There are 2 protein chains.
Amino acid sequence: MTSKQRSAPASLATVAAAAGVSIATVSRIVNGETRRASAETVERVRKAIAVVGYHPNHAGRTLRRRESRLVAMLAPNLDNLVMAAIAASTEAALRAAGYVMILCDTHDRPDLQDEYLNAMRSQVVRGYIMVASVPSAGLKDFVADGAPMVFVNRRPPFGRGAFVGIDNVKAGADAADMLWSAGLRRCGVLAPAQGSSVTRDRLKGFCGRMRALGVTEIPAAEAAGRSHLEIGYEAARRLAARNGWLEGLMCVSDQIAYGAYRFARESGIVIPERCKLVGIDGNPLNRWIAPWLRSIEVKYEDFGEPIVELLDHVWHAGGDAEHIMPHGVA
Amino acid sequence: MTSKQRSAPASLATVAAAAGVSIATVSRIVNGETRRASAETVERVRKAIAVVGYHPNHAGRTLRRRESRLVAMLAPNLDNLVMAAIAASTEAALRAAGYVMILCDTHDRPDLQDEYLNAMRSQVVRGYIMVASVPSAGLKDFVADGAPMVFVNRRPPFGRGAFVGIDNVKAGADAADMLWSAGLRRCGVLAPAQGSSVTRDRLKGFCGRMRALGVTEIPAAEAAGRSHLEIGYEAARRLAARNGWLEGLMCVSDQIAYGAYRFARESGIVIPERCKLVGIDGNPLNRWIAPWLRSIEVKYEDFGEPIVELLDHVWHAGGDAEHIMPHGVA
């Protein structure tokens, strides 16, 4: 196999032979049309591609990519206004630079993320903007392939890459100060189970700062779920069941705070009189219908420009780079 | 000119000569790259195209379009969760059918809508999903050209086309019944100035039903603005200044109700005790953080399937068609 990898570029036929499938099947899978093939076949072809060292007509693809005006944004869910704000500002910045943005909703699922990465490659997009990406086999291949990517909010999962986001440790610490300065001492934390680096950093910053302030016990509750709204509702239920209602709750995202608010309401707990909620994100709707929520403000509507700047850096200079966005205290 | 239109297909050169610009300029503009040209030049080329009857390599384009897996959705704003719900469900339905969705944010602006229509044509998309489209010169051309389109929420602005949406007259009437059955008689209306057919139909249904119930005076306030949130805030301010606070307010969209809620709060008016708000849309966040709002529920998360079905109808059968979605009373 090693010898093969060192020899002339492998062809679709080589892959087909190695995988024991037709050339047409390989071609379809390489171009992201994985629907007609079984998961088992797709996996076998993926392995064969790795083994024989096949690169889908790389030169031609790179050439066409340079001419392409398409840029793909992969985001975990459009039903979070934070994502909508990032998408809208990036779309505007790309349009000003002469590009067209393709927006793909990965629903935070590795399999969909890979399906879209393949689909976008078959559309020969010029670059990829990965908002809150999840580690996946496909993403790993794209990164190894040097695909032009900018990662947003969640850091590059495989070490290298360009990144735009906030200092989440600092944001967590600021949330702690927000509760502390309001005179609250018995505060808890609501977070998603199996949280991302964003969650971990926000918790690290919050708990670190609380301990520095002399708070030794910080009750925390986690929950799994498809949306942070559901996670917040369930985590609040668990924490209240275990510790009763505390003076304050730090929610690692505003949507988690929305979920906690609903559970509190259904439990007859008045927010913020009985329990103060602090979130992180500065959801645009807060000042309209969530006046009870104090939040660490992040200007996601300003993310577009630096994202496009870093994409340009990746295209022309290459190499790792990061742009840490400021956050405020509302 | 008439003779010219009847003669053999005009070429880029013919257009360039008629417009007095270079062939390269015409080519760029035809392919949606309007940034480098002045508005005046773009307009002159657009006129020349119409005069000499030029069709950008139609046959080739149509052929490539049939092979394309790209479908474009043009939506007025991603920062409204209603749009996000339509986009997410359509994206899922298209993916299941083997297509990739390009999402473009037109910000409800005719010029951006045209820019995106041209950009999408240059990407040879297979179909267009126009969510809440605005009448524009470019859209008129695309419709006349028979571009495969499905219109969502707002009806086709130029008479013909496929449509997916609710019965807005009925929805408005149901909102009236909602307030009436709550025992409210002195109710007002908050709406956007220069509203779309959606707004007009919802108002028509509401006022018609109210009159049928014997209500002769229906105070209404309108406001212009970039978002329904701002429109709701300003319209509520105007109505309160003119008529004081009424028993109930019908807001033609939930986001308008969100804006009215903020103004009421800032005015020390307790919602819903002092004034009941009724909206239309069933915004997904209502049950989480807007329990004070009663809304006509629209299942936008179910729009994807019928949208893709109608797109398929347009591709294969053609001709006008519509799918009226049900709405409920929360």
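Residues numbered from 1 in each chain as written. Chains lettered and ligands numbered in written order. Predicted model: local features only at pLDDT ≥ 70, side-chain atom pairs only at ≥ 80, totals over all residues. Heavy atoms only, no water.

Chain A carries the name LacI family transcriptional regulator in an unreviewed UniProt entry, which gives Bradyrhizobium iriomotense as its organism.

Caption draft 1: Structural detail: the sheet that holds strand E6 (residues 187-192) of chain A. Residue and element names in this part refer to chain A. Strand order in the open sheet made by the six strands is E7-E6-E8-E9-E10-E12, with mixed pairing throughout. On the outer flanks of this sheet lie strand E7 (220-223) and strand E12 (327-329), each paired with one strand and no other. For this sheet, the mean angle separating the axes of adjacent strands, direction not counted, is 20 degrees. Pairing analysis gives four bridges linking E6 to E7, with the strands arranged parallel. Of the residues in E7, the one forming a bridge with Pro192 is Ala223. Helix H12 (residues 254-266) contacts E6, strand E8 (248-251), strand E9 (276-281) and strand E10 (293-298) of the sheet and is inclined by roughly 150 degrees relative to E9. (Pairing = 2+ DSSP bridges. Helix = DSSP H or I, 4+ residues; strand = E, 2+ residues; numbered from the N terminus. Axes fitted to C-alpha atoms, helices over the stretch in contact; angles between N-to-C directions. Contact = heavy atoms within 4.5 Å.)

Caption draft 2: Main features of the interface of chain A and chain B. Contacts between the two partners involve 43 residues from chain A and, on the opposite side, 43 residues from chain B. Per-residue buried area on chain A facing chain B is highest for A:Arg95, A:Trp288 and A:Ile289; these three make up 20% of the total on that side. Run the count over chain A and chain B and you get zero salt bridges. Our count for the chain A to chain B interface comes out at eleven residue pairs in polar contact (both at pLDDT 80 or more). (Buried area = accessible area lost by both parts, 1.4 Å probe. Salt bridge = Lys/Arg side-chain N within 4 Å of Asp/Glu carboxyl O. Polar contact = N/O pair within 3.5 Å; in protein donor to acceptor, adjacent residues only side chain to side chain.)

Caption draft 3: Representation of the domain arrangement of chain A. Residue and element names in this part refer to chain A. Entries for chain A in the domain assignment read domain 1 (3-56), domain 2 (69-160 + 301-329) and domain 3 (168-298). Using only C-alpha atoms to locate each centre, domain 2 and domain 3 end up separated by 28 Å. Each side of the interface is counted separately: domain 2 has 13 residues, and domain 3 has 19 residues. Interface area lost by domain 2 to domain 3 is led by Leu81, His327 and Val329, which between them contribute 44%. (Domains from an automatic or database assignment.)

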